[in-house]
Amino acid sequence: MTDLKLLALDAEDLDVISATTQDAIVRVGDMGYAQRDKRFAMLMNRYAWESGGKTGQRKRTALHFDRVQSARTTGINMDAVEGVLELLAIRFAPEGDEPSGVIELSFAGGGTVRLEVECLEARMQDLGAAWAAKLKPEHTA
């Protein structure tokens, strides 16, 4: 399977990254905000929805957002570095003077990360080989 490398500069691009990273598993200790660099970054084990087939796969993936002015969390204990989260969706909403806005990462159980950004600039990249997933994520309507 080919490694993915995606760039998002608008909400439509970010929707593609959101769909690609849906159901990713994220360790709390593998995400953080570097205020001096204005960057929020995270490592995840994403479910490779694009692989198709009966046997699912996961891939180690990096995602980062640049030009981040602030980062806030709700419903996530950032001190629980071994805690595990499941990413559900990533959304962008313009706010104030465009192109500034808010990026919201939504996790199962109601946890969120809210990033205030100067503009939308996100990059996602697979980091290596895939491995067999133990379970395929299931969603109820």
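So, how was this worked out
Residues numbered from 1 in each chain as written. Predicted model: local features only at pLDDT ≥ 70, side-chain atom pairs only at ≥ 80, totals over all residues. Heavy atoms only, no water. Helix = DSSP H or I, 4+ residues; strand = E, 2+ residues; numbered from the N terminus. Rg over C-alpha atoms; globule rule 2.2 N^0.38 Å. Buried < 20%, exposed > 50% of the residue type's maximum accessible area, 1.4 Å probe, protein only. Contact = heavy atoms within 4.5 Å. Lys, Arg positive; Asp, Glu negative; His and termini not counted. Charge placed at Lys NZ, Arg CZ, Asp CG, Glu CD. Core = buried A, V, L, I, M, F, W, Y, C linked by side-chain atoms within 4.5 Å. Arc of directions from axis to C-beta. Salt bridge = Lys/Arg side-chain N within 4 Å of Asp/Glu carboxyl O.

Of regular secondary structure, the protein chain possesses one helix and 11 strands. Each helix and strand of the protein chain, placed in order from N terminus to C terminus, yields the pattern β-α-β-β-β-β-β-β-β-β-β-β. The C-alpha atoms of the protein chain give a radius of gyration of 15 Å, which matches the 14 Å a tight globule of 141 residues would have. Based on the C-alpha atoms only, the size of the protein chain along its principal axes is roughly 45 × 35 × 30 Å. Per-residue burial over the protein chain gives 36% buried out of 141 residues. If you take every contact in the protein chain between residues at least 6 apart in sequence, the share linking residues at least 24 apart comes to 64%. Here the protein chain contributes 17 positive and 22 negative side-chain charges, whose respective centroids are spaced 6 Å apart.

This next bit is on the nonpolar core. Leu-14, Phe-65, Ile-103, Leu-105 and Phe-107 are the most contacted members of the largest nonpolar core, which totals 27 residues. Elements represented by at least two residues in this core include exactly helix H1 (11–21), strand S4 (39–47), strand S5 (57–66), strand S7 (84–94), strand S8 (101–107), strand S9 (112–117) and strand S10 (122–126). If one sorts the elements of this core by residue count, S7 sits on top with four residues. The residues contacting Ile-103, other than those within four sequence positions of it, are Leu-14, Phe-65, Ile-90, Arg-91, Phe-92, Val-113, Arg-114, Leu-115, Val-117 and Leu-120.

Here H1 has its buried residues at Leu-14, Ile-17, Ser-18, Thr-20 and Thr-21. Along the axis of H1, the buried residues cluster in a sector spanning 165 degrees; they form a single face. Asp-23 occupies a position one or two residues after H1 and carries a positive phi of about 75 degrees.

The next point concerns the environment of Arg-67. Note on placement: Arg-67 falls in the loop between S5 and strand S6 (68–74). Sequence spacing of Arg-67 and Leu-4 is 63 residues, and the spatial spacing of their C-alpha atoms is 23 Å. Non-local contacts of Arg-67, meaning those with residues more than four positions away in its chain, are made with Lys-38, Glu-116, Val-117, Glu-118, Cys-119 and Glu-121.

Within the structure shown, the criterion is met by 15 salt bridges. As a salt-bridge pair, Glu-82 and Arg-27 come within 3.1 Å of each other at their nearest N and O atoms. Note that Glu-82 is positioned in the loop between S6 and S7 and Arg-27 in strand S2 (residues 25–27), a separation of 55 residues in sequence. Ionic pairing is found between Arg-72 and Glu-116, a salt bridge with its closest N-O pair at 3.2 Å. Here the residue Arg-72 occupies a position in strand S6, and Glu-116 occupies one in strand S9, the gap between them amounting to 44 residues. Residues joined in a network through salt bridges with shared partners are Asp-3, Arg-46, Glu-50, Lys-59 and Asp-126.

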